[in-house]
Every structure is written in structure tokens, then in C-alpha cells.
Amino acid sequence: MNLLEVRALVKRFGGLAATDGVNLDVRRGEIHALIGPNGAGKTTLISQVCGTLQPDAGSILFAGVDVTRLAADERARLGFARSYQITSLFPSFTVLDNVVLAVQARRGSSFRFWRPAAEETGLADAAREILQQTGLALLARRMARELSHGEHRQLEIALALATQPSLLILDEPMAGMGGEESARMVSLIEGLRGTYSILLVEHDMDAVFRLADRISVLVAGRIIATGPVAEIRADAEVRLAYLGEDEA
Amino acid sequence: MTVVLFVEQCLNGIQFGLMLFLLAAGLTLVFGVMDLINLAHGSLYMIGAYLTATLTAATGSFLLGLPLAVVATAVIGMALEAGLLRHLYRRDHLSQVLATFALIMIANEATRAIWGVQSLPLNVPDVLSGSVEVLPGVGYPAYRLLIIGVGTLVALALYVLVTRTRMGMLVRAGASNRDMATAMGTDIRRLFTLVFGIGAALCALAGAMLGPLLAVQVGMGENILILAFVVVVIGGIGSVRGAFVGALLVGIVDTFGRAFIPATLRAFAPPALADAAGPSLAAISIYLLMVMVLFWKPQGLFPARG
Amino acid sequence: METSGTLPGARLERDAWWQRAAPLAALALLVALPPLANACGQEFYIGFASRVLIMGLFATSLNLLVGTGGMVSLGHAAFFGCGAYVVGILATEWPGKGELALLAWPAAMAASAALALLIGAISLRTRGVYFIMITLAFAQMLFYVALTLKAYGGDDGMSLARRSTLPGIDLASDVSFYYVVLTLAAGSLLLSGRLAAARFGRVLLGIKDNEARMESLGYPVYRYKLTAFVISGAFAGLAGALMANQNSFFSPNMMHWEQSGIALVMVILGGLGNLWGGMAGAAVFLVLEEVLAAFTRHWAIGVGAILLAVVFFAPRGIAGLWAQRR
């Protein structure tokens, strides 16, 4: 049963097809990794899935519903959540307030003008729970801009989780991380397995092989292979050149 | 609508448009390359006009007073850039608006303190006070023709400067990608000062040329500044070509609006309504133009930055 | 980072006791001002204080837009002027009923809100510099329309026969009018503070910090911005209505872009995004003007120089200095 279905998606920039007839499915509850060399069009594809970029052709179905023409915020309300490759937080908010803002997005209307948000204990409680889950509980009162790179990445995930999504789109969550931080991120994502359907874009092949149920390989705007890890791995050995180059 | 009137208004529109271009060219470069919203750009225009009037009176010759004033204003502009505005390039737009707004207050009040509250006399030179037959039977003031000539020459010179010289290449690179310009080395500071000086000189030229037609008075800078901003936004920030097209568009739409909208309305609408709405519509025509352009192309007609 | 000085809503902790006491002290002082001024024979200052409060209200409304929502508008005077014209036009066209404050002032707010809805709906499709310029363009349009309203004084503007009327209160008296202004200003400030700390204000702060992220969290950003624009416009309209009453006069100059610029200056001077920024900025700006004018005819040079100093040495305004001292 597919949660996300991308059908024959095309996006051109000038004459160049950055997305060239992509088909991609994410099943309910699976971790689906999207890999490919730099410039393969991964971020362009993700942006179209999330609704920040309009495709030229093709369609995107979410739980069977065509969402191709919906804006990013509308998709988010349906259950899409995204973490960004380049950290995108609220730097002048505290860590807790970052998450509160995300929780608030899914709990009733925010066209509320009188009652202080600080008095809505439900918001803060839910946010604290998420901080606990993502290992940020001790940093709750720090300003987001003061965090380390690894902590920023964790907060990225926390923001995405706080909107109670059904589909998580993680854009290179391990980017720029050291070994220990990576390991922590891997176990964090491991803990999400089954609860969410996850589309994981990642360069770290060890992490991908450990986490993914299935893998799709994007090269020059086309999916050249999709399958279980073992299959792609075997396939990948044939493409040692590509993987070797990518890991370097 | 007679042919004579039509030709006359076309020329008026082009003449005004070319002068707007002189202001807008400097503004759009400072905006696009240095990322500075310079509200005080209009003050340089005012200073240019005042200096021209004063120096013309002192030397007894408009043809001597004008170049002196242009050079003096360029020097003032470069000093302003090196001493003050340079420090605003990396600041947010709000700080820039505040600082240059403060400069307008200072410039206006200093002008009042030096030259008084009365507007200064600046007359069309006698040689040019006549009119020239542009079409059989259609006369047009010689001085306005001179403005068109000077404006065209300056536009051509700017075109050559921007497209054919190393400096122009650097400026264009800076407008499309600021980091690249910054990465190109240490003489970028000198380049910025020079660009600012050229912008100031163009302001002064416009102030000097328009001085005899409009009034040389405090506040003249702000009125035209807003038009120049409209031009810059319509053309696309950082694009000299856009500024040129935008300036002519604004000049012609404004001139035609004022000349023809009230009369046209009177032909179709009840007189009371026409008399009330005509002048309003004419006055806001360029702002409507800008809103329409931005609605259709939110980055202006010729976006410099991809 | 001294959060309480810069972002009233970005933080969920309570202020220190003296920070909570300061507004009450200020309020007490303002309530006591008319008798004090009368005792010293300085009635002039009552009208002056009304002007400060009204400009403070105007600047506060802009601060909601710029400081909380990150929308830098250079056309806020459009709504200020609109409020004034609604009061003026109602009083001219409908003497008696049109002069009822309870009718004219809400009408001014409603008209300014409607205008803001229209201008905002178009302007908010653009960003950054383009937003600055398009708001400026709209305000200029209204300015020129006002210039051609010959029935209402054209470019000279028009005097009101008298101030609006309020049952039981004689607004013609400067003292009574001052207290009404004070009440409205305090009320608006309270509202603005609640707004900033409530969900809505926090969403605006989030949009100011990172608009794209707010969208990906599922917030319909445009709707929030437009709502803020309309609320801000309504309060600017109230300020305009009060100013027309204070001066018994309205003119196109109230919509001039310099008026928008001055409001922006007041906001930055007082402290961007600070609840008190608008009021503090208006007070400092107008007092500065008054003091310098006592020394020289060319006071504007002094004000300009001080503004420059603020940009370079106190970029976060008075509120920033206040926070640094702690």
C-alpha cells in the first residue's frame, strides 16, 4: 500500500530536464532511501514533492489523493513534513519555542489574538515530549542559533515530528556530521521506523544500508533502479564507480 | 487629439523619461551592486540643481556653471560614500532607510540654512530660449530638445561604459551576483566609490537640466526620488537597461496621463465625475503602471539577478 | 541575547518585577500629567502629550507589521491619512451625526482596515525591497487622490469645525481629549502586547524569522501576513482619526511618504519588535524635535545627526540600550 506515489514527474530548467519522468513510491511504514550523485536532481525532486516547486508535468498522489497543484502549506496540513538539507530553523526562538511553533501548527487555529501562547500548557507539554524523543530535552531553553551543527540537525527532525506527519521527508539529515553524531542520528531515525513513512535522501551509504527498507537510485533526473537494499547493493557493486566516487 | 499636441507630448514624455533615467541609472546600480536603498539619492539631485544655479550666477554662464556643479556634486557623492554610506552596505534595509532618511533631513535643512527658503532662479540660457520647428508647423522649445540630446548621449555613454569596459563588466557581475563582485578583490571599494560618484554626477546633471523647467527648491529631490524608485522597480533592480526602458515608460505614461486622461474622461463620463476623477487618475497613472508590472512580473521587467 | 528587549513574544518566561512595574509607573505619570502641567502653567504640554501618544499609537501599529511580522512598509501613512479623511469627510458631509466619535472613529478604523485589505492583498505577493516600494506606491496614489479632492480642501487640507463628540465628555477641552487619547493608546498597547504573546503574534515572529519554514510546517503564511496588515492598518486609521481631532485639521500631508518615513524612524528609534518601541520612539523623536527647535531654526539637522548616530551606535534602538544595561 503506497502512501506517496510520484508519477512521470518532469521539471525543466531551460533546456535541462532536472527531473526527467520520475516514478517513485513510498509504502506505508517503510523507510525509502533516495540516493544519487551530486547534481542528480534529488533536491529538485524533493522540492516538487513538498510543493515548493511546481513540476512541468506528471503528478503526485498522497494516500490516493492528487496533491500536484497544492501549495507547500496545504500539503503540510495533509501530513507532509520536511527536514532541510541546509538547516532551516527559527534562530531567535528558543529550542522549546521552535518546537512549540511546530506543534501549534497542527493543534487548532492559530488565529488566536488574546490568550498568551505561554499559558497553553498543552503546546509546551507536547513540545517537551518531542524534545525528549529527539534527545534535545536538556537544551530546551537555549536559543536555537546557539546550538551546534549536530544539534541543529536534531532540531530539524524535531520540528518535522512536531507537526504529526504521516510522511517524513528527510533531506540529508547526516550532512556535515561527525561519526558519533551520525550514529546518534541513525538511531534516532531507526526509532521512527514503523511510526512514520520516511523518504530519506542521504549520501552516507552506511547509514542508508542500515536504515532503508528500499532504495531508489536517481541519476541525471531519472530513477535507474528501485528495490530492496540487498538488490540495490548487488546492483551497486556493478556500479562501484558511482558509489565509490560518491563516498569519497 | 491633434498631431501637433501628440508630437509635443511624445517629446515631453521622452525628455522627462531621459532625465528620470539619469537618476534611476545611479539608483539602480547602487541598489543592485551595493545592495543599498539610498533615499538620499534625490538630495544629490537637489544639491546639483542648487550648485548649478549658484555657479551659473557666479560665473555668468550656464555652460560653465553646469559642468562645475556636476563635478562638485560627484565629489560630494564620493565623499558621502567613503565617509558614511559604505558602512551601510552590509546592514539590513531598515537601517539603510533610517540612515538615508536622516541624510535627507540634514541635506534639506542645510540647504535651507545656506540658500534660504525661497526657490532659486535658474533660467534657460538665452540662446536656447527659442523654439525649433521639429515637424513642418510644429515648434518645440530648443532647451527641451537639448535635454533630449544630452539625455540620449549620456544614455549611450552609459551603455558603452556598462557593456564595453572592464569596470562595466565588474558592475554587471556585481549586480547579478554580489559575492562574486566581492570575491574579485580589493579594488572593489574604489569601484563602489566610483560608481557612486558617477551616480551623483548623473543626479546633478538631471538637477541642472531640469532646474530651469521645474523649480529649484527644497523638497525637489524627494518628489523625483520616488519616481526614480518606481522606474528602478519597474525595470528590475540592478538593470541599467531596465532603468532605461522603465524611465521612458514612466516619462511617457506620466506625460500622456496628465495631458490626455482628464480630456478623455470628459468625453465619456459625466462632467462632475470626470473633473473629480481625471486629475487623480492622471496623477496615479505611473503608480498603477508599477503595481501592474509587479503583479505580472514581481521582479521587474529585466531582473538582473537570476 | 537579551530576549525581553527585542522580541516580547519569542520567549515564554516572565519579566522581572521592575519590568512589569515600569509600564504602570509610566501610566501613573501620564495620568498625573494634566494637573501637573496646569499647576506649572504649561498647558501647552497637554496638547503635546496628546500628539506624542497619537504618533506613538501610529508607530505601534507599524511596529506590529515591521517589528513582529518583518514586513517593512514605507506606505503606512496611507492608513493614518485615511482615518483622518474619514473623520473629516463624515463631519463635513453629515454635521451632527457624522461628528459622533462613537460612529466616526470606528468608521475610520473600518475604512483603513478595508483599505489595508486591498493594498495588502496585492503588496504581500511581493517581498523585500519590492514590498517596500509597492507599499510606498500605494500610499503615493492615495496622497495624489487626496490632493485632487477639491471638496475637502485639495492640497491645502481642511479644518474641522470642531472635534468629534462623545456623550458625557467634552472633547473640546484639551484635558478631556488627552485622557480619551491616553485611554485608547493604553488599550491599543495592551491589545498589541496580548497579540504579540498570543499564538497569532508568535506565528508572525516565526514568519519574520523563517517564512519558508513556516510554510513547510503548514502555516498559510499569506493569510497571517494579510491579517496582520489589516489589524495594523486599522490602528493606524484610529491614530489618524485622533490626529485629525487633535489638530482639528486634516490634509494630504498626513499621507505624504515622509509621514511613513517618520513612523518608521520612530519604530527603529524606540526598538523594533518591542512592545514599547513605538511609544518610546514617538516620545523621543517629538521631544527631540521640540528641544532642538528651541535652540535653532535648523533643528532638523540635529535630528538627522542623532538618527545617524542611532543607526551606527545603537542599531537596536532605545529598547536595545535598555536591555544592554541589565
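On a predicted model such as this, the values are computed, not experimentally measured, just so you know.

Draft legend 1. Broad picture of the sheet that holds strand β7 (residues 167-171) of chain A. All names here are of chain A. The mixed open sheet is built from six strands, whose spatial order is β6-β7-β8-β3-β9-β10. Strands with a single pairing partner mark the edges of an open sheet, and in this sheet they are β6 (80-83) and β10 (222-228). In this sheet, neighbouring strand axes are inclined to one another by 15° on average, regardless of whether the strands run parallel or antiparallel. Judged from the five bridges that link them, β7 and strand β8 (residues 197-201) form a sheet pairing that is parallel. Within the sheet, the bridge partner assigned to Leu 167 lies in β8 and is Ser 197.

Draft legend 2. Layout of empty space enclosed by the protein. Residues and elements named next belong to chain B. Taken as a whole and judged by the stated rule, the model has eight cavities of 30 Å³ or more. In this structure, the largest cavity occupies an estimated 100 Å³ of space. Around the largest cavity, the lining comprises 13 residues; the ones closest to its centre are Leu 29, Leu 158, Leu 161, Met 167 and Ile 198. Elements that contribute at least two residues to the lining of the largest cavity include exactly α1 (3-34), α5 (142-164), α6 (166-176) and α8 (188-210). Looking at the lining of the largest cavity residue by residue, the class counts come to 10 nonpolar, three polar and no charged. Computed from the structure, the second largest cavity encloses a volume of approximately 80 Å³.

Draft legend 3. Quick look at the pairing of strand β2 (residues 138-141) of chain B. Residue and element names in this part refer to chain B. Going residue by residue along β2, you find Val 138 and Tyr 140 tucked away on one face and Gly 139 and Pro 141 left uncovered on the opposite face. Bridging between strand β1 (residues 131-135) and β2 involves four bridges; their strand directions are antiparallel. If you follow Ser 131 over to β2, its bridge partner there is Pro 141.

Draft legend 4. Layout of the nonpolar core. In this structure, Val99(A), Trp105(C) and Phe285(C) are the most contacted members of the largest nonpolar core, which totals 247 residues. At 15 residues, α8(B) tops the list of elements feeding residues into this core. Counting contributing residues, this core receives three or more from each of domain 1 (1-79 + 165-248) and domain 2 (89-164) of chain A. Residue contacts for Trp105(C): discarding those within four places in its chain leaves Val87(C), Ser164(C), Leu171(C), Phe177(C), Val180(C), Leu184(C), Leu238(C), Ala241(C), Leu242(C) and Asn245(C). Core analysis: the next-biggest nonpolar cluster, separate from the first, contains 22 residues, Val6(A), Leu9(A), Ile60(A) and Phe62(A) among them.

Definitions and limits used
- Residues numbered from 1 in each chain as written.
- Chains lettered and ligands numbered in written order.
- Predicted model: local features only at pLDDT ≥ 70, side-chain atom pairs only at ≥ 80, totals over all residues.
- Heavy atoms only, no water.
- Pairing = 2+ DSSP bridges.
- Helix = DSSP H or I, 4+ residues; strand = E, 2+ residues; numbered from the N terminus.
- Axes fitted to C-alpha atoms, helices over the stretch in contact; angles between N-to-C directions.
- 1 Å grid on protein atoms, 1.4 Å probe; cavity = no way out; pocket = protein on both sides within 12 Å on 5 of 7 lines; lining within 4 Å.
- Points joined across faces, edges and corners; volume = space filled by probe spheres on them.
- Nonpolar A, V, L, I, M, F, W, Y, C, P; charged D, E, K, R; others polar.
- Buried < 20%, exposed > 50% of the residue type's maximum accessible area, 1.4 Å probe, protein only.
- Core = buried A, V, L, I, M, F, W, Y, C linked by side-chain atoms within 4.5 Å.
- Domains from an automatic or database assignment.
- Contact = heavy atoms within 4.5 Å.

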